[in-house]
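Tertiary structure, described
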Amino acid sequence: MTYHPPIAEMTRTARRLGQDRLAATARYAEATPSTREAILTEVARLATDILAPLNRPGDRHPAVLENGVVRTSPGYAEGYRAIAEGGWIGIAADPQHGGLGLPQSLAVMVSEMMASACLSISLCPLLSQGQIEAIEHHASEGLKALYLPPLVAGRWTGTMNLTEPQAGSDVGALRAKATPNADGSYAVTGQKIWISWGDHDMAENVIHLVLARLPDAPAGSRGISLFLVPKILPEDDAGAERPRLGQPNRVRCLSLEHKMGLHGSPTAVMEFDGATGWLVGEPNRGLACMFTMMNNARLQVGIQGVAIAEAATQAALAWASDRVQGRTPDGDRSILGHADVRRMLMRMKAQTRVARAIAYDCAFALDMGHAAADPAERAAQARRGALLTPIAKAYGTDTGIEVANLAVQVHGGAGYCEDTGVAQYARDVRITAIYEGTNGIQAMDLVGRKLTGDDGAALDALLAEIEATADAARAAGLEAEATALTSARSKAAGVMRWMLGHDDRDRAAGAGPFLHQLATVLGGHYLLRAALDGGDEERALAAYWCAQALPQAHADAQAATAGAAQLYALDAETLAATV
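Let us look at the structure shown here. As the structure is a computational prediction, the values presented were derived from the model and not from experiment. (Residues numbered from 1 in each chain as written. Predicted model: local features only at pLDDT ≥ 70, side-chain atom pairs only at ≥ 80, totals over all residues. Heavy atoms only, no water.)

Another point: the overall build of the protein. Within the protein, the regular secondary structure consists of 19 helices and eleven strands. Taking 579 residues into account, the globule formula puts the C-alpha radius of gyration at 25 Å, and the protein, at 24 Å, falls close to it. Along the first, second and third principal axes, the C-alpha set of the protein runs to 75 × 65 × 55 Å. Relative to its full complement of 579 residues, the protein shows a buried share of 56%. A separation threshold of at least 6 residues defines the contact pool for the protein, and within that pool the share at least 24 residues apart is 74%. For the protein, the centre of its 51 positive side-chain charges and the centre of its 64 negative side-chain charges are spaced 2 Å apart. (Helix = DSSP H or I, 4+ residues; strand = E, 2+ residues; numbered from the N terminus. Rg over C-alpha atoms; globule rule 2.2 N^0.38 Å. Buried < 20%, exposed > 50% of the residue type's maximum accessible area, 1.4 Å probe, protein only. Contact = heavy atoms within 4.5 Å. Lys, Arg positive; Asp, Glu negative; His and termini not counted. Charge placed at Lys NZ, Arg CZ, Asp CG, Glu CD.)

With that out of the way, let us pick up the pattern of salt bridges. For the structure shown, the criterion picks out 32 salt bridges. The shortest N-O distance in the salt bridge between Arg-12 and Glu-9 comes to 3.1 Å. Highlighted residues: Arg-12 and Glu-9, both in helix 1 (residues 7-16), separated by three residues, approximately one helical turn. A relative accessible area of 9% means that Glu-9 is categorised as buried. Residues Asp-361 and Arg-384 are paired through a salt bridge, measuring 2.8 Å at the closest nitrogen-oxygen approach. A residue pair is termed long-range when its members are at least 10 positions apart, and Asp-361 in helix 9 (residues 339-371) and Arg-384 in helix 10 (residues 375-411) qualify at 23 residues. Considered together, Asp-361 and Arg-384 belong to a single accessibility category, that of buried residues. (Salt bridge = Lys/Arg side-chain N within 4 Å of Asp/Glu carboxyl O.)

What follows covers the environment of Arg-71. Residue placement: Arg-71 occurs in strand 2 (residues 69-71). With a relative accessible area of 38%, Arg-71 lands in the partly exposed category. Residues Arg-71 and Leu-174, spaced 103 residues apart in sequence, show a C-alpha to C-alpha distance of 29 Å. Those residues in contact with Arg-71 that lie beyond four places of it in its chain are Ala-63, Val-64, Glu-66 and Asp-201.

The next point concerns helix 8 (residues 286-322). Its 37 residues place the ends of helix 8 54 Å apart at the C-alpha level, agreeing with the 54 Å of an ideal helix rising 1.5 Å per residue. The sharpest bend along helix 8 reaches about 30 degrees and sits at Thr-292. The element helix 8 is extensively covered by neighbouring structure, given that 29 of its 37 residues are classed as buried. (Expected span 1.5 Å × (residues − 1). Bend = angle between axes of the 7 residues up to and from the residue.)

Bringing the pairing of strand 11 (residues 267-280) into the picture now. Sheet analysis places strand 5 (residues 186-196) next to strand 11, joined by nine bridges and oriented antiparallel. Its bridge partner lying in strand 11, Ile-195 is registered against Ala-268. Pairing of strand 7 (residues 225-230) with strand 11, which is carried by three bridges, proceeds in the antiparallel orientation. Directly across from Leu-228, in strand 11, lies its bridge partner Trp-278. (Pairing = 2+ DSSP bridges.)

Function cannot be inferred from these measures alone, as they are strictly geometric.
Now the structure itself:
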């Protein structure tokens, strides 16, 4: 099974979304189409030649904890070194600290290829990138000068420590504590679970961002602070070109989780026993600081879903092209001639392109929210990026799961066996709908902060764009597709008004269907734009989506506006009864 980076399709998607505009901004003047082409070509080589061969060995020979040291899967150290030496960890980081200063729009394209090739190893640089952004935004100048250069260079790696046994999505319930030391540092104590790449042997040091409570902190999420805690304490002051490492900190990996998938990525239980750490940001404002890292990670996790969907689609298409089973209506010797196989493959291909377009559009909006010259456009793009983030994360990962499952189905019994590799895609991608905020949390964020925060203004603007696409399609003779998109868009606009007029309980009850409805309508928007710009393939995918996917938006509208009463019709005792 071979992965082929779809550079041409990725580039077309970026161009149709307007990403060439980034090079016209002062901030991203170097992000030219030629720069993008050169970077994608080089990363494609890295993905196919170095990372993809690590995917199966990492699954079959997981990371292990031996005598207090986490030993990574065969070849992972060399693969990680290739990523770091290529400069890809710091692709979007500030050049002041050794980064390339390129836009997130390009960073997510790089991440997609790495994750398609080997999701487990790609997760390590992703976490470092999120930590780099959090430190850039919130840490003191001294911490930035000491920690950012080795993180950007990949000599050190980063983690995110939120979850505790009693505090999963309810971060406000955490108990880890931090006590001030006389020298201005803090003694951090507590246990954190499910820490991806919490320890390993691929880099010199591991830097933990840890949420904990100060002694006088108020209860709940308002009393959480953020601390930077290194595995090994640096000896040099800020500004050293290559900081020397001194004594180990009071940090250790207690165990590694035995997981459904992502076997090559060590998921650790971490213990902080009076470990030395430094405050990042203001006291009791740690959750806001950590959200900088989490929002970066949420878009990147959405890309992980796209990446697995792409790899699984390629595997299914290759299998279906060669597999001969039964007589087909059109006389095709392979199972590509069977209607049900065609149904699955068309769904896989179209859905992957939709999820990619949503994620790329989100990244572009976030970039323009920083780089646009006009303050009004910066504000509008920032709102658009914030609105699209939960959709990109949830729909991207739901797509990865659905498409991986369909790839197993296309392979038939062979797909259920491990030798074809598609079962690993299904196992690996399943976690993406859970970590970095479950997809249910993404949906509640959409109908809560993102929708009500601006009274629907960002979504109104997006819906207006969708209607403009329908008008352009109608003018180009795509009447049926335009009508289907207009109808689905109107349904989404009606649900938006319903959401704004109802309370939190009713909005939460319909949040999941509403997010899916918006993603489906956006799919019609992006695929029709591609049809207006492309050829026969693009027009066929747009016609398929408008005829067979957009009707789901009407069903989603009914579910999204049903309210909470039906969900709570059974009391808790009756619902939980097993007899």
